[in-house]
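In case you want the letters, here they are:
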Amino acid sequence: MMPAVSVEAPEVIVSEAPQGRTRTDMDRHGRSVIVPEAATRSARVLPTPVGAQGGPMPWNRFNLPMLNGPLDATALTAVYPRLRRVQTTTVRSESLSDVLTSLNLKPETDEERRVHVLVFDVPGQESLLLAALPPELLRRFHAILLRGCRSALPPYGKAAEAAPALLVQQHFAPIAKESDRDTMWPASLMCFDRTGHELAQ
């Protein structure tokens, strides 16, 4: 007989870009998305962007809002000839590690199924954010979805292939990946290989 499995109500937590937007606009223009349990039926908005470290963060605004963030996207003018920066301000950020720790993500058990998913829609920043997370916190997530940038954006951005390589070192395996040659914004889905991690101990 199969054991009874309890599935908690799904929850979506979004770390929003400065100046609030609707959920629809946030999906297009927001910079950071945290999804602790795979779901889309409810959402709670954190009104502060996240960074590798908390504190003041430079924030660039462009006439193409999807590029808003701490990186200098003017490096992409060869791709977007009309791109221009319209403002640079300083915003307060929270560290991603602190935000995820505060969620108190519980591990899956035989009696209770929990699926935690972390989504990075912060092209160029995902490597730095992932590197700031302790391995035991990363292992709370079944899957990590990344959207990167084919080009490394200054001052500290990394090209899209850097983050999946970092996750492989933490026993995440690639499940699906767009070719960097096919798109400027390749996406990758990485799943935690729990068996591989246990065998490596």
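Anything mentioned here points back to the structure above.
Residues numbered from 1 in each chain as written. Predicted model: local features only at pLDDT ≥ 70, side-chain atom pairs only at ≥ 80, totals over all residues. Heavy atoms only, no water.

**Thoughts on the overall build of the protein**
Helix and strand content of the protein: six helices and twelve strands. Counting over 201 residues, the protein shows a buried share of 44%. Put simply, 67% of the contacts in the protein that link residues at least 6 apart link residues at least 24 apart. (Helix = DSSP H or I, 4+ residues; strand = E, 2+ residues; numbered from the N terminus. Buried < 20%, exposed > 50% of the residue type's maximum accessible area, 1.4 Å probe, protein only. Contact = heavy atoms within 4.5 Å.)

**Comments concerning the nonpolar core**
Counting residues in each nonpolar core, the largest one holds 24 residues, and the members touching the most others are Leu100, Phe120, Leu130, Leu133, Ile144, Leu146 and Leu167. Secondary structure elements with two or more residues in this core: α2 (96–102), β9 (117–120), α3 (126–131), α4 (135–138), β10 (143–147), α5 (162–168) and β12 (187–192). Sort the elements by how many residues they give to this core and α2 lands first, with three residues. Other than its neighbours up to four places away in sequence, Leu133 contacts Leu96, Ser97, Leu100, Leu118 and Leu138. Counting ten residues, the second-largest nonpolar core is a separate cluster that includes Leu67, Leu71, Cys149 and Met184. (Core = buried A, V, L, I, M, F, W, Y, C linked by side-chain atoms within 4.5 Å.)

**Some remarks on the sheet that holds strand β5 (residues 50–51)**
One open sheet accounts for three strands, arranged β5-β7-β6; its pairing is mixed. Across the chains shown, the open sheet's two edge strands, defined by having one partner strand only, are β5 and β6 (55–62). The pairing of β6 with strand β7 (residues 85–95) spans eight bridges and is antiparallel. Across the sheet, residue Arg61 finds its bridge partner in β7, namely Gln87. (Pairing = 2+ DSSP bridges.)

**Topic: the pattern of salt bridges**
Tallied over the entire structure, the rule returns two salt bridges. Asp72 is the salt-bridge partner of Arg85, the closest N and O atoms lying 3.5 Å from each other. Taken together, the residues span a long stretch of sequence, with Arg85 in strand β7 and Asp72 in the loop between β6 and β7 at a distance of 13 residues. Residue Arg85 is classed as partly exposed on the basis of its relative accessible area of 35%. The partner of Asp121 in a salt bridge is Arg147, and the shortest N-O contact between them spans 2.5 Å. Highlighted residues: Asp121 in the loop between β9 and α3 and Arg147 in strand β10, separated in sequence by 26 residues. Under the relative-accessibility criterion, Asp121 is labelled buried at 14%. (Salt bridge = Lys/Arg side-chain N within 4 Å of Asp/Glu carboxyl O.)

**A few points about the pairing of β12**
Because side chains alternate across β12, one face comprises the buried residues Ser188, Met190 and Phe192, and the other comprises Ala187, Leu189 and Cys191, none of which is buried. Where β10 lies against β12, five bridges are found, and the strand directions are antiparallel. Looking at β12, one finds that Arg147 is bridged to Ala187. Strand direction decides the pairing type here: strand β11 (residues 172–177) and β12, joined by five bridges, are antiparallel. Directly across from Phe172, in β12, lies its bridge partner Phe192.

**Observations concerning the packing of aromatic side chains**
A complete count under the given rule lists one aromatic pair for this structure. Seen in terms of ring centroids, Phe172 and Phe192 are 5.2 Å apart; in terms of plane orientation they differ by 50 degrees. Their pairing is tilted. Of the two residues, Phe172 is situated in strand β11 and Phe192 in strand β12; the sequence distance between them amounts to 20 residues. A relative accessible area of 12% means that Phe192 is categorised as buried. (Phe/Tyr/Trp six-rings, centres within 6.5 Å; stacked < 30°, edge-to-face > 60°.)

**Here we look at the side chain of Ser188**
Note that Ser188 resides in strand β12. You can call Ser188 buried: its relative accessible area is 6%.

**Description of unusual backbone geometry**
The linkage connecting Pro154 with the following residue, Pro155, adopts the cis geometry, with an omega of 5 degrees. Structurally, Pro155 can be placed in the loop between β10 and α5. Phi at Asn104 takes a positive value of approximately 55 degrees, unusual for a residue other than glycine. Counting through the fold element by element, Asn104 comes out in the loop between α2 and β8 (112–113). Its identity as a non-glycine residue notwithstanding, His171 has a phi of 70 degrees, on the positive side.

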